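Architecture and fold: a report
Letter by letter, the chains look like this.
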Amino acid sequence: MALYVQKFGGTSVGSVERIKAVAAKVKGFRDQGHQVVVVVSAMSGETNRLTDMASSLNGDPDPREMDMLLSTGEQVTISLLAMALQQQGVPATSHTGAQVGIHTDSAYTRARIQRIETDDVKADLDAGKVVVVAGFQGVDEDGNITTLGRGGSDTTGVALAAALGADECQIYTDVDGVYTTDPRVCSRASRLETITVEEMLELASLGSKVLQIRAVEFAGKYNVPLRVLSSFEDGPGTLIVAESDKDEDSMEEPLISGIAFNKNEAKLTLLNTPDIPGVASRILDPIAAANIEVDMIVQNVAPAGDYTDFTFTVAKGDYKTTRKLIEETILPDLGGGELRGDNNIAKVSLVGVGMRSHAGVASKMFRVLAEENINIRMVSTSEIKISVVIDEKHMELAVKALHKAFGLDQADIEQD
């Protein structure tokens, strides 16, 4: 007998019929003798509906009241799923985040889990029940309802699996696993049987939306086996494991595990900035104070030692705000300079633990892009990642060319 924590997203519970199908899937596991904890999101579209209602009443709603409102979406789903399980002859009980004892800090709309009390959940499991838990929410030390931010149900699932010592945390979604890249962009993309936590963290941070990055961090920190599966079809999905847990033979197979891309990028360059100690902080400190996250950073070498160019990227939604901040605050502080910006760029990234032991990945990547006449604007690397910034119009071409060049196309993998 194993203990599974299964998380179902909004599309998986998007209708009464889908909730019945989820109940049947859960029943199948319980009929095999397993203990099951189910974590669910709000029904698809419900969070947006509640947010729109709040916005129509108040353009700047109080964060505490927003958490109170948004938490009701999951409460609807847990009660309906518990009813569906009971109707199928499965003893089940539903719990909100507060009832489970998911304690968070008081950062409304983006709270972080501090601890989980598992006594009640274990008691229900020992009594033969399926425990249905509301994802995305918890309670602070003052008893206020909090939410974990977008995708927080994934984090709830992995955190519960860690706290309960579950054999596996299964994330059910509308895709049947983690792919070498987005199949909507590259039809030759293939599903990965396994991927390391490090690789998944990189892919999630670089634009892959299969899993919420905080959930992957939890899985890595507490060594929780994490599997991505489809709610709509049977299959093995993709197992996310620690690098040390991967089969030794498989470690030599793929040099690159996946290709991530992100169109939500904008680039800003400050020309002729003083080449003196502390200039980077004078540029970035006001941006950080405005709660704007900076991604890639490149500072050119000053030919004469007096002035340099400083380039960085931000989310496309922060582009106008960042430009205004630079023009009104940063450039006057630096004594002048010129600002150039581009919000028609994309970031394309190769990810793979195989890079640690193989040379020439970057040069091959650059050669493939050059053969497609794609110019590289910026480059960033880590041990298992290489990212380039290119013109947005070339993004799909770049992804397809790199996918083929590094042997990730379905036909290539099948031949291997």
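Residues numbered from 1 in each chain as written. Predicted model: local features only at pLDDT ≥ 70, side-chain atom pairs only at ≥ 80, totals over all residues. Heavy atoms only, no water.

Here we look at the overall build of the chain
Secondary structure assignment for the chain yields 14 helices and 18 strands. Each principal axis of the C-alpha atoms in the chain carries an extent, and together these give about 75 × 55 × 35 Å. Put simply, the chain has 416 residues, and 49% of those count as buried. Here the analysis covers contacts within the chain between residues at least 6 apart in sequence; of these, 74% occur between residues at least 24 apart. Surface accessibility of the chain: about 19200 Å² in total, with carbon and sulfur atoms responsible for 47%. The average position of the 39 basic charges and that of the 61 acidic charges among the side chains of the chain differ by 4 Å. (Helix = DSSP H or I, 4+ residues; strand = E, 2+ residues; numbered from the N terminus. Buried < 20%, exposed > 50% of the residue type's maximum accessible area, 1.4 Å probe, protein only. Contact = heavy atoms within 4.5 Å. Areas by Shrake-Rupley, 256 points an atom, 1.4 Å probe, with all protein chains shown as cover. Lys, Arg positive; Asp, Glu negative; His and termini not counted. Charge placed at Lys NZ, Arg CZ, Asp CG, Glu CD.)

Focus: unusual backbone geometry
Non-glycine residue Asn223 carries a positive phi angle of around 55 degrees. Position of Asn223 relative to the elements: it lies in the loop between helix 8 (213-222) and strand 11 (226-230). In the Ramachandran plot, Asn272 falls in the positive-phi region, its phi being about 60 degrees despite a non-glycine side chain. Structurally, Asn272 is set in strand 13 (residues 258-274).

Description of the pairing of strand 2 (residues 35-40)
Of all six residues that make up strand 2, six are buried, and the element is covered over most of its length. By the alternation rule, side chains of strand 2 split into Gln35, Val37 and Val39 and Val36, Val38 and Val40, which are all buried. Where strand 1 (residues 3-8) lies against strand 2, six bridges are found, and the strand directions are parallel. In the sheet register, Gln6 faces strand 2, and the bridge partner there is Val38. Each parallel crossover has a hand, and the one from strand 1 via helix 1 (residues 16-31) to strand 2 is right-handed. In the sheet, strand 2 pairs with strand 6 (residues 130-134) via four bridges, with the strands oriented parallel. Along strand 6, the bridge assignment pairs Val38 with Val132. (Pairing = 2+ DSSP bridges. Right-handed = clockwise from strand over helix to strand, strands pointing away.)

Overview of the packing of aromatic side chains
Aromatic ring pairs are defined here through the distance separating the ring centres and the angle between the ring planes. All chains considered together, the criterion is met by four aromatic pairs. Judged by centre distance (5.3 Å) and plane angle (75 degrees), the ring pair of Tyr4 and Phe29 falls under edge-to-face. You can see Tyr4 sitting in strand 1 and its partner Phe29 sitting in helix 1, a full 25 residues away along the chain. Assessed through its relative accessible area of 17%, Phe29 is described here as buried. Each ring, one from Phe218 and one from Tyr222, has its centre 5.6 Å from the other, and the planes form 25 degrees; the classification is stacked. One end of the pair, Phe218, and the other, Tyr222, are both in helix 8, four residues apart, so they sit about a helical turn from each other. (Phe/Tyr/Trp six-rings, centres within 6.5 Å; stacked < 30°, edge-to-face > 60°.)

Examining the sheet that holds strand 17 (residues 378-382)
Taken in spatial order, the six strands line up as 14-15-13-16-18-17 in an open sheet, and their pairing is antiparallel. Strands with a single pairing partner mark the edges of an open sheet, and in this sheet they are strand 14 (294-299) and strand 17. Put simply, the sheet's adjacent strands are angled 30 degrees from each other on average, direction ignored. Contacting strand 13, strand 15 (307-315) and strand 16 (338-351), helix 11 (residues 319-334) runs over the sheet at an angle of about 25 degrees to strand 13. (Axes fitted to C-alpha atoms, helices over the stretch in contact; angles between N-to-C directions.)

Some thoughts on the pattern of salt bridges
Pairing between side chains becomes possible if they bear opposite charge and their charged atoms approach one another. Overall, the coordinates contain 20 salt bridges when judged by the stated rule. Its salt-bridge partner being Arg184, residue Asp182 comes within 2.9 Å of it at the nearest N-O pair. One network of salt bridges, in which partners are shared, links Arg115, Glu117 and Glu141. (Salt bridge = Lys/Arg side-chain N within 4 Å of Asp/Glu carboxyl O.)

Description of the side chain of Thr96
Topologically, Thr96 is positioned in the loop between strand 3 (92-95) and helix 4 (97-100). For Thr96, a relative accessible area of 13% corresponds to the buried category. The residues touching Thr96, leaving out its near neighbours within four places in the chain, are Gln75, Ile78, Ala134 and Gln137.

Re the packing of helix 6 (residues 152-164) against helix 8
It is at 8 Å that the axes of helix 6 and helix 8 come closest, and there the two elements cross at 15 degrees. If you check the angle between helix 6 and helix 8, you find them roughly parallel. Between helix 6 and helix 8 lies a crossing whose hand is left-handed. Along the contact surface, helix 6 presents Asp154, Thr155, Val158, Ala159 and Ala162, while helix 8 presents Arg214, Ala215, Phe218, Ala219 and Tyr222. (Parallel < 35°, antiparallel > 145°, perpendicular 65-115°, else oblique. Left-handed = near helix turned anticlockwise from the far one by under 90°.)

Describing the environment of Pro225
Inspection of the secondary structure assignment puts Pro225 in the loop between helix 8 and strand 11. Expressed as a C-alpha distance, the spacing of Pro225 and Asn58, which sit 167 residues apart in the sequence, is 42 Å. With residues near it in sequence (within four places) discarded, Pro225 still touches Asp167, Glu168, Cys169, Leu239 and Ile240.

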